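Residue strings, one per chain:
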Amino acid sequence: MMHTIQFFAASEAAKNDSLFGALGIDWRTLILQIIAFSILVWILGKFVYPHLIGAIDKREKAIEESVAAAHEAEAKAEQTQKEVEQLFKKAREESAAIVDTAHKEAANMVKEAEAKAKKRAEQIVADARAQLDQDILKARAQLRDEATELVALATEKIIREKIDTKKDKTLIETALKEAR
Amino acid sequence: MQKITRRKVAEYVADQLHRGVSTKKLVDQAVAYLKDQGKLADWELLVRDVEDVLARKYHVVSARITTARALDADTRKALKDFIMQTEKAQSVTIVSETVDADLIGGVVVRTPSNVFDSSVQSKLKQLVATTKG
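From a predicted model like this one, the values you see are computed outputs, not experimental measurements.

How each quantity is defined
Residues numbered from 1 in each chain as written. Chains lettered and ligands numbered in written order. Predicted model: local features only at pLDDT ≥ 70, side-chain atom pairs only at ≥ 80, totals over all residues. Heavy atoms only, no water. Helix = DSSP H or I, 4+ residues; strand = E, 2+ residues; numbered from the N terminus. Buried < 20%, exposed > 50% of the residue type's maximum accessible area, 1.4 Å probe, protein only. Contact = heavy atoms within 4.5 Å. Areas by Shrake-Rupley, 256 points an atom, 1.4 Å probe, with all protein chains shown as cover. Phe/Tyr/Trp six-rings, centres within 6.5 Å; stacked < 30°, edge-to-face > 60°. Core = buried A, V, L, I, M, F, W, Y, C linked by side-chain atoms within 4.5 Å. Axes fitted to C-alpha atoms, helices over the stretch in contact; angles between N-to-C directions. Parallel < 35°, antiparallel > 145°, perpendicular 65-115°, else oblique. Left-handed = near helix turned anticlockwise from the far one by under 90°. Nonpolar A, V, L, I, M, F, W, Y, C, P; charged D, E, K, R; others polar. Patch = residues over 30% accessible without salt bridge, like charges linked within 9 Å, V, L, I, M, F, W, Y side chains within 5 Å. Salt bridge = Lys/Arg side-chain N within 4 Å of Asp/Glu carboxyl O. Lys, Arg positive; Asp, Glu negative; His and termini not counted. Charge placed at Lys NZ, Arg CZ, Asp CG, Glu CD. Buried area = accessible area lost by both parts, 1.4 Å probe. Polar contact = N/O pair within 3.5 Å; in protein donor to acceptor, adjacent residues only side chain to side chain.

Undergrad: What am I meant to see in the overall build of chain B here?
TA: Broken down by element type, chain B carries five helices and four strands. In chain B, the succession of helices and strands from N to C terminus is α-α-α-β-α-β-β-β-α. Looking at chain B as a whole, 39% of its 133 residues qualify as buried. Taking all contacts inside chain B whose residues are at least 6 apart in sequence as the whole, residues at least 24 apart take part in 67%. Roughly 7900 Å² of accessible area belongs to chain B as shown, and the carbon and sulfur atoms make up 54% of that amount.

Undergrad: Looking at this structure, I do not really get the packing of aromatic side chains. What am I missing?
TA: Each aromatic ring pair is characterised by the separation of its centres together with the angle its planes make. Residue and element names in this part refer to chain B. Taken as a whole and judged by the stated rule, the model has two aromatic pairs over all chains. With 4.8 Å between their ring centres and 50° between their planes, Phe82 and Phe116 make a pair best called tilted. Here Phe82 is found in helix 4 (residues 73-87), whereas its partner Phe116 is found in strand 4 (residues 115-117), with 34 residues between them in sequence. Across the pair, Phe116 and Phe82 agree in class, each one buried.

Undergrad: How do you make sense of the nonpolar core when you look at a structure like this?
TA: The nonpolar side chains of soluble globular proteins are, as a tendency, buried together. The biggest cluster of nonpolar side chains holds 17 residues, and the ones touching the most others in it are Leu176 of chain A together with Ile65, Leu79, Ile83, Val107, Val109 and Phe116 of chain B. Looking at this core, the elements that each hand over two or more residues are helix 4 (165-179) of chain A together with strand 1 (60-67), helix 4, strand 2 (91-99) and strand 3 (107-110) of chain B. Ignoring any residue separated from it by four or fewer positions in sequence, one finds Leu79 of chain B in contact with Ile172 and Leu176 of chain A together with Ile65, Leu71, Val107 and Val109 of chain B. In this structure, Val9, Ala30, Leu34 and Val50 of chain B belong to the second largest nonpolar core, which totals 13 residues.

Undergrad: Whenever I open this one, the packing of helix 4 of chain A against helix 4 of chain B confuses me. Can you help?
TA: Two quantities define a packed helix pair, namely the angle between the helix axes and the distance between the axes. For the pair helix 4 of chain A and helix 4 of chain B, the least separation of the axes is 11 Å and the interaxial angle reads 15°. In terms of their interaxial angle, helix 4 of chain A and helix 4 of chain B are classed as roughly parallel. Crossing hand, helix 4 of chain A versus helix 4 of chain B: left-handed. Between helix 4 of chain A and helix 4 of chain B, the contacting residues are Lys169, Ile172, Leu176 and Ala179 of chain A on the first element and Asp74, Thr75, Ala78, Leu79 and Phe82 of chain B on the second. Partitioning the contact of helix 4 of chain A with helix 4 of chain B into residue classes produces six nonpolar, one polar and two charged.

Undergrad: What exactly am I supposed to notice about a negative patch on the surface here?
TA: Together, Asp57, Glu60, Glu64 and Glu65 of chain A make up a region of like negative charge exposed at the surface. For Glu65 of chain A, the location among the structural elements is in helix 3 (residues 27-162).

Undergrad: Would you take a moment to explain the interface of chain A and chain B for this structure?
TA: Often, the extent of an interface is quoted as the loss of accessible area upon association of its parts. Residue-level contacts link 20 residues of chain A with 24 residues of chain B. Contact between chain A and chain B buries roughly 2000 Å² in total, counting both sides, with carbon and sulfur atoms accounting for 66%. For the interface between chain A and chain B, the tally reads four salt bridges. Taken together, the links from chain A to chain B amount to eight residue pairs in polar contact (both at pLDDT 80 or more). The set of elements that each furnish at least two residues to the side of chain A that touches chain B consists of helix 3 and helix 4 of chain A. It is helix 3 of chain A that contributes the most residues to the side of chain A that touches chain B, nine residues altogether. Broken down by class, the residue content of the side of chain A that touches chain B amounts to eight nonpolar, three polar and nine charged.

In short, the description is geometric, and any link to function would need to be established separately.
Next comes the structure, spelled out in structure tokens:
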């Protein structure tokens, strides 16, 4: 149809030699072209562009939705990252606290053990001193007893030599007198 | 034979001795009694009981003397007088005189109710005991 219209326009244009002809424009062809263009535009506008624009809009919407989803995912990932960092931070703090507590408890235990050991050592020393004092007293008493025994033995020996029959008789008489 | 206590036998023997009954006869009776009772080992105890009865009932005191050296007559008399005075006895019989050099000096007099020890040995022992505390 277009070819028929163009052919008719071309044949008619050859007949026009006015202003349009000076410019090289054939008003009949122009009108036909305008009509054809309008028809084209109308057809496109009616049947093509809505679908095209619809598809473009749809695609644009999809793209926007994807972008929004991506943004949302990014935000979520960022949030999650923050949460994870927060958790890590908390875990680090807690572990640091645990380690610190463990160190303190270990230091306390060491301190307590030292104090206990010191006390025990002091007790041992005190007990040893007391035992030593007791042993010394015992030894002194033993020494005194042994010395007494020796003195008694020596005295006995001397007296035995000194006492004769006469002295013994005197001894007996004196004892009897004193006992009366 | 009926069971008689040692005390009763001792009293009997003491009474008989005081009456002047033969010592040999009394000894035989006592030995027979002890043998019958199966208590020959207790003869020393019987003798002590007899001495005790004699001292208590008849004021006849028997004494055992131990000295470091043999007694002379004077010392013996002095001892007898001492025993008579302290035991309030009417008569004193020195049953035994023992010489024990370990006494060193002095005398130990043993009667049924008392022991008088003035030996040097006991004095030394006392001194040692006092010093030892």
